[in-house]
Amino acid sequence: MTRGMVAMRDYDMSGKLGFEDFKKLWGDLVLCKRAFLALDSDGSGFFNNAEFERALHALGVEVPDSVLKAVTMRYSDKEGHVRFDDFVSCYIKLKSMMKIFKSKDFGKQGNVEFVKDEYVQLCMYS
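Summary of the structure given here. (Residues numbered from 1 in each chain as written. Predicted model: local features only at pLDDT ≥ 70, side-chain atom pairs only at ≥ 80, totals over all residues. Heavy atoms only, no water.)

Some words on the packing of aromatic side chains
Line of reasoning, step 1. For the coordinates displayed, the defined rule picks out seven aromatic pairs.
Line of reasoning, step 2. A ring pair is formed by Phe47 and Phe87, whose centres lie 5.1 Å apart and whose planes are at 85 degrees; its orientation type is edge-to-face. Of this pair, Phe47 sits in strand 1 (residues 46-47) while Phe87 is found in helix 5 (residues 84-104), placing the two residues 40 residues apart along the sequence.
Line of reasoning, step 3. Just above the ring of Tyr75 sits the side chain of Arg74; from NZ or CZ to the centre is 4.6 Å. (Phe/Tyr/Trp six-rings, centres within 6.5 Å; stacked < 30°, edge-to-face > 60°. Helix = DSSP H or I, 4+ residues; strand = E, 2+ residues; numbered from the N terminus. Lys NZ or Arg CZ within 6 Å of the ring centre and 35° of its normal.)

A closer look at the environment of Ser76
Line of reasoning, step 1. Locating Ser76 in the fold gives a position in the loop between helix 4 (65-75) and strand 2 (82-83).
Line of reasoning, step 2. Owing to a relative accessible area of 18%, Ser76 belongs among the buried residues under this scheme.
Line of reasoning, step 3. Placed 27 residues apart in sequence, Ser76 and Asn49 show a C-alpha to C-alpha distance of 8.7 Å.
Line of reasoning, step 4. Aside from chain neighbours lying at most four places away, what touches Ser76 is His81 and Val82.
Line of reasoning, step 5. Reaching out from Ser76, the side chain makes a polar contact with the backbone oxygen of Thr72 at a distance of 2.6 Å. (Buried < 20%, exposed > 50% of the residue type's maximum accessible area, 1.4 Å probe, protein only. Contact = heavy atoms within 4.5 Å. Polar contact = N/O pair within 3.5 Å; in protein donor to acceptor, adjacent residues only side chain to side chain.)

Observations regarding the side chain of Asp105
Line of reasoning, step 1. Mapped onto the elements of the fold, Asp105 is located in the loop between helix 5 and helix 6 (116-125).
Line of reasoning, step 2. The side chain of Asp105 sits in the buried core without any salt bridge; Lys108 is the nearest counter-charge, 6.0 Å away.
Line of reasoning, step 3. Only 2.9 Å separates the side chain of Asp105 from the backbone nitrogen of Gly110, close enough to count as a polar contact.
Line of reasoning, step 4. Once you skip the residues sitting within four places of it in the chain, Asp105 turns out to touch Gly110, Asn111 and Val112. (Lys, Arg positive; Asp, Glu negative; His and termini not counted. Salt bridge = Lys/Arg side-chain N within 4 Å of Asp/Glu carboxyl O.)

Set out below in structure tokens:
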């Protein structure tokens, strides 16, 4: 999980985080912990689907239902529970992907273009 979190914040793909990027990652971890503690309404130690959706929304992640369904399937266990570490990974991944998308959406139209190598590199590393 640690290498994955570093990669999601390592925008220059150096394999390292500078101090400013580390501070941002730490801030994300603090936000995730607060959201998890506040929104795990039944105190089970994991999110159910509704809690997971509310937590992402509370952290400003707006995705269509089709994406939410895919993300939930990817980050939940076979019982549909999302544990804290998976929640953190999901949040940081979504935030990173949205930042990359916005940086490429020059016309702010919701469309971007990638060449194949760039797309594969971003998918595999981030």
